[in-house]
Structures are given as C-alpha cells and as structure tokens.
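Examining the three-dimensional arrangement
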Amino acid sequence: MADEKTSTIRGCIKSSRGPWIVHRTTKDGIVTKYRFPSDRERQNNKQRERRRRAVARKIFAGLRQQGNYKLPKHADTNDLLKALCEEAGWHVEEDAPFIGIRSSNPA
C-alpha cells in the first residue's frame, strides 16, 4: 500500500463520471438529490471552468507585468485583494483566519 502512488486532481474539474449531488432547501428542510448530467453538459462545464481559469490567469499576469503587483505564481483572489490593500496603505495579516485589516497610518 505504501508503494502505490495516487494522483489528486486540484480544482473543481472532476474526472469521475458519478452523479452530482444537489442540496435544495424546501419548506420541509434540506433535500438531497442526485443528478446524472449528460456527456455534453459535463463537457460544457469543463470548457466553462477552463475559460474562467484562463481569464483569471491573464488578469493576474497583467497585474504582475503592468501593475507591478507582487503576486505569487499561482495567485488567487485573496492574494490580489491583499496586494490591493497593501497599495492602498492597509495592512493585511498573513496568518489571520479571516482578513484582518488595520490602517498602517492612523488618522
């Protein structure tokens, strides 16, 4: 078992062909149902997610080049928000479970 290598897929593009679990709130409470999307719907979702990621990648690359933002290679919206706050003069703590923003120059 230690010799087996498993590869994990990051993100929300799934490779499995199982059903989608849908949780809906009704007047009786939360109902869980299974959806079995068609191959075409799965393919459309994969393409949509790839396009969304490509747009985000282009935005972050442009901000790195022309905006002189210090973003990591695999930046996400939290990194972008932190860079924008730093530019505006606000301090964002690294290890905060949520974004703790303090003014660096008190008024």
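Before reading on, note that the structure itself is shown above.
Now for a quick tour of the structure. Model, not experiment: these values are computed from the prediction.

**Focus on the overall build of the protein chain**
Tallying secondary structure elements over the protein chain gives 2 helices and 4 strands in all. Counting from the amino terminus, helix and strand elements in the protein chain follow one another as β-β-α-α-β-β. For the protein chain, with 107 residues in total, the buried portion stands at 14%. Here the protein chain has roughly 9,700 Å² of accessible surface; of this, 53% comes from carbon and sulfur atoms.

**What about the pattern of salt bridges?**
Here the idea is simple: oppositely charged side chains can pair when their charged atoms come close. Applying the stated rule across the entire model yields 4 salt bridges. One salt bridge connects Glu41 with Arg35, and the closest N-O pair in it is separated by 2.8 Å. On the basis of relative accessible area, Arg35 is assigned to the partly exposed category, the value being 32%. Measuring nitrogen to oxygen at the nearest pair gives 3.1 Å for the salt bridge that ties Arg53 to Glu49. You can see Arg53 and its partner Glu49 sitting in helix 1 (residues 39-66), 4 residues apart, about one turn around the helix.

**Looking at helix 1**
In this model, helix 1 (28 residues) spans 41 Å end to end at C-alpha, consistent with the 40 Å of a helix rising 1.5 Å per residue. Every buried residue belonging to helix 1 is among Arg42, Glu49 and Phe60, and all of these are buried. Once helix 1 ends, the next one or two residues include Asn68, with phi positive near 55°.

**With respect to helix 2 (residues 77-88)**
Over its 12 residues, helix 2 extends 16 Å from the first C-alpha to the last, a length consistent with the 16 Å expected when each residue adds 1.5 Å. Among the residues of helix 2, those classed as buried are Leu80, Ala83 and Cys85. Gly89 lies just past helix 2 and shows a positive phi near 95°.

**Considering the pairing of strand 1 (residues 20-26)**
By the bridge criterion, 7 bridges tie strand 1 to strand 2 (residues 29-35) in an arrangement that is antiparallel. Residue pairing across strands places Arg24 opposite Val31, the latter belonging to strand 2. The hairpin formed by strand 1 and strand 2 contains 2 residues between the paired strands.

Cut-offs applied
- Counting restarts for each chain, with residues numbered from 1 along the sequence as it is written.
- At least 70 in pLDDT is required for a residue's local features to be given in this predicted model, at least 80 for side-chain atom pairs to be given and counted, and no such filter applies to totals for whole chains, interfaces and linings, which use all residues.
- As a convention, hydrogens and water are excluded, and side-chain values are obtained from all of the structure's heavy atoms.
- Going along the chain from the N terminus, every DSSP run of H or I of four or more residues is numbered as a helix, and every run of E of two or more is numbered as a strand.
- Burial here depends on accessible area, computed with a 1.4 Å probe over protein chains only, as a share of the maximum for the residue type. Under 20% is buried, over 50% is exposed, and the range in between is partly exposed.
- Using a 1.4 Å probe, accessible areas were evaluated by the Shrake-Rupley method; residue-level cover was limited to the displayed protein chains.
- Whenever a carboxyl oxygen of Asp or Glu lies within 4 Å of a side-chain nitrogen of Lys or Arg, that contact is scored as a salt bridge.
- By definition here, a helix of n residues has an expected span of 1.5 Å times n minus one.
- Any two strands with at least two DSSP-identified bridges between them are counted as paired.

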